[in-house]
Amino acid sequence: MYTIKPDILKVLFLEDSNFDFEIIKNMIESEFKLDFTHAINSETFIEALQNKGPFDIVLSDFSLPSFDAFAALEMTQNTYPSTPFIVVSGTIGEDKAVDLLKKGATDYVLKDRLTRLIPSVRRALKEAREEKKLAEAQANLRKQNQELLLAVEKAEESDRLKTSFLANLSHEIRTPMNSIMGFSALLEDEDDQDLKLKYIEIIQRASSQLLNIINSIIDISKIEANKLTLKPKTIYVNEVLKYQQATFEKLASTKKLKLTARLLPTATTIYADETKLNQVLSNLIDNALKFTKKGEVSFGVQQRDSLFEFFIEDTGIGISDEDKVFIFDRFRQVDDTKTRKYGGLGVGLSISKSYIEAMGGEIILKSQVGKGTRVSCILPSVQQE
């Protein structure tokens, strides 16, 4: 009936009678290949549990000098809770036998009825394997439930972030649109030439801001749809940096910040997507200027063998260790409340990370609250098309 038969049965047998031990061992050996450990007292039993286990099954005499099956059962359960435990005894009262079973013993077999032993062992092994399978199934179910719960939480968090992003997006779009519409209306009725020029400058600045917002939306939609494409070519590294310096000089001057570009000593080239590299550097430099009240923003490049490290350093507010975990997450901002102090959609860093990784590189952030931030974009000099 019970066909469970392991290749080698690892047995721990607590028995102080050598005669009984040999009889029972020979009986089990007739049915199983054995790895047999014999314990004769509490000391050798404990030593076997600690150093020779785990065991497929534990057999125990009921009564030994200063030791009994109750103590052996407790020790076994503490060490290997799922190991079957069968009492093999010459004398055991029914009350004690019932107590042993209540405490977790698998079975008991009287020595004058040893014909029950092999079926008892087989049944114990079968039940142990079924319990193990059940435990594994339950563990897998718990794992699946945990993964499902995490997936649900992640989806809910994603929905929350996207809702926040859309609310923020509407606010960010309205701000430049209001400026464009308002100052366009004023421009129609204004005769003062100086004021007209001022209004035109405001309209151009708001239009540029609106265009940046639209470009960010297009960029993030391409990344979300896995439709990001690269157009790499050979470009001069220093020319890229000079372009960034010319772009941000006025903003840095307005904020009374020192802007420094650290160029390479020679005309060195890199094979990369120029548009996307410029966009990454623009995002990072703009962020550095945005979050720096006083001091300096510096950027540049260092060459190490076949790698280029484009870096942006600032003396700004810095980023906490807690916020570093999600700073590059899509739609996520360190402060995403409506009353946040700084504007922006919160997708610039995510876009930058996606672009750098698409070009075969990595982006590294080092920051300390109150002391500043350094962002490094590591790119290979030659990328695979």
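What comes next is a walk through the structure. Keep in mind that what you see is a predicted model, and the values were worked out from it rather than measured.

**A few points about the overall build of the protein**
(1) Moving on: From N to C terminus, the protein includes 10 helices and 14 strands.
(2) Moving on: Here the C-alpha radius of gyration of the protein, 37 Å, is well above what a compact globule of 385 residues would show, namely 21 Å.
(3) Moving on: Across the 385 residues in the protein, those meeting the buried criterion constitute 39%.
(4) Moving on: Counting contacts in the protein only where the partners sit at least 6 residues apart, residues at least 24 apart contribute 71% of the total.

**Things to note about helix H3 (residues 69-79)**
(1) Moving on: Restricting attention to buried positions, one finds in H3 the residues Ala-69, Ala-72, Leu-73 and Thr-76. An end-on view of H3 places all buried positions within 100° of arc, on one side of the element. Turned more than 90 degrees away from the buried face of H3, the exposed residues are Glu-74 and Asn-78.
(2) Moving on: The elements touched by buried residues of H3 are strand S1 (9-14), helix H2 (42-51), strand S3 (57-60), strand S5 (67-68), strand S6 (85-89) and helix H4 (94-102).
(3) Moving on: Its side-chain oxygen at 3.2 Å from the backbone nitrogen of Phe-70, Asp-68 defines the N-terminal cap of H3.

**Digging into the packing of aromatic side chains**
(1) Moving on: Here the structure, examined in full by the defined rule, presents six aromatic pairs.
(2) Moving on: Summarising the aromatic geometry, the rings of Phe-62 and Phe-70 are spaced 6.0 Å apart at their centres and angled 75° between planes, so their arrangement reads as edge-to-face.
(3) Moving on: Through pairs of rings, three or more aromatic residues link up here, namely Phe-13, Phe-21 and Phe-36.
(4) Moving on: If you follow Lys-276 out to its NZ or CZ, it ends over the ring of Tyr-355, 5.3 Å from the centre.

**A word on unusual backbone geometry**
(1) Moving on: Gly-53 connects to Pro-54 through a cis peptide bond whose omega is 0°.
(2) Moving on: Mapped onto the fold, Pro-54 is located in the loop between H2 and S3.
(3) Moving on: Backbone geometry at Lys-256 places phi at a positive 60°, although glycine is not the residue there.
(4) Moving on: Among the secondary structure elements, Lys-256 is positioned in the loop between helix H7 (237-254) and strand S9 (258-262).

**Regarding the pairing of strand S13 (residues 362-368)**
(1) Moving on: Of the two faces of S13, the one holding Ile-363, Leu-365 and Ser-367 is buried and the one holding Glu-362, Ile-364, Lys-366 and Gln-368 is not buried anywhere.
(2) Moving on: Of the pairings in the sheet, the one linking S13 to strand S14 (residues 372-380) comprises seven bridges and is antiparallel in character. Residue pairing in the sheet places Glu-362 in a bridge with Ile-378 of S14.
(3) Moving on: Counting the residues in the hairpin turn of S13 and S14 gives three residues, including Gly-370, whose phi is positive at 85°.

**Thoughts on the side chain of Arg-374**
(1) Moving on: Looking at the secondary structure, you find Arg-374 in strand S14.
(2) Moving on: Polar side-chain contacts of Arg-374 include one of 2.9 Å to the side chain of Glu-309.
(3) Moving on: At a separation of 3.4 Å, a polar atom in the side chain of Arg-374 contacts the side chain of Ser-376.
(4) Moving on: Beyond its immediate sequence surroundings of up to four residues, Arg-374 is in contact with Gln-302, Glu-309, Phe-311, Ile-312, Glu-313, Ile-364, Leu-365 and Lys-366.

Basis of the calculations
- Residues numbered from 1 in each chain as written.
- Predicted model: local features only at pLDDT ≥ 70, side-chain atom pairs only at ≥ 80, totals over all residues.
- Heavy atoms only, no water.
- Helix = DSSP H or I, 4+ residues; strand = E, 2+ residues; numbered from the N terminus.
- Rg over C-alpha atoms; globule rule 2.2 N^0.38 Å.
- Buried < 20%, exposed > 50% of the residue type's maximum accessible area, 1.4 Å probe, protein only.
- Contact = heavy atoms within 4.5 Å.
- Arc of directions from axis to C-beta.
- Polar contact = N/O pair within 3.5 Å; in protein donor to acceptor, adjacent residues only side chain to side chain.
- Phe/Tyr/Trp six-rings, centres within 6.5 Å; stacked < 30°, edge-to-face > 60°.
- Lys NZ or Arg CZ within 6 Å of the ring centre and 35° of its normal.
- Pairing = 2+ DSSP bridges.

Read these as geometric descriptors, not functional statements.
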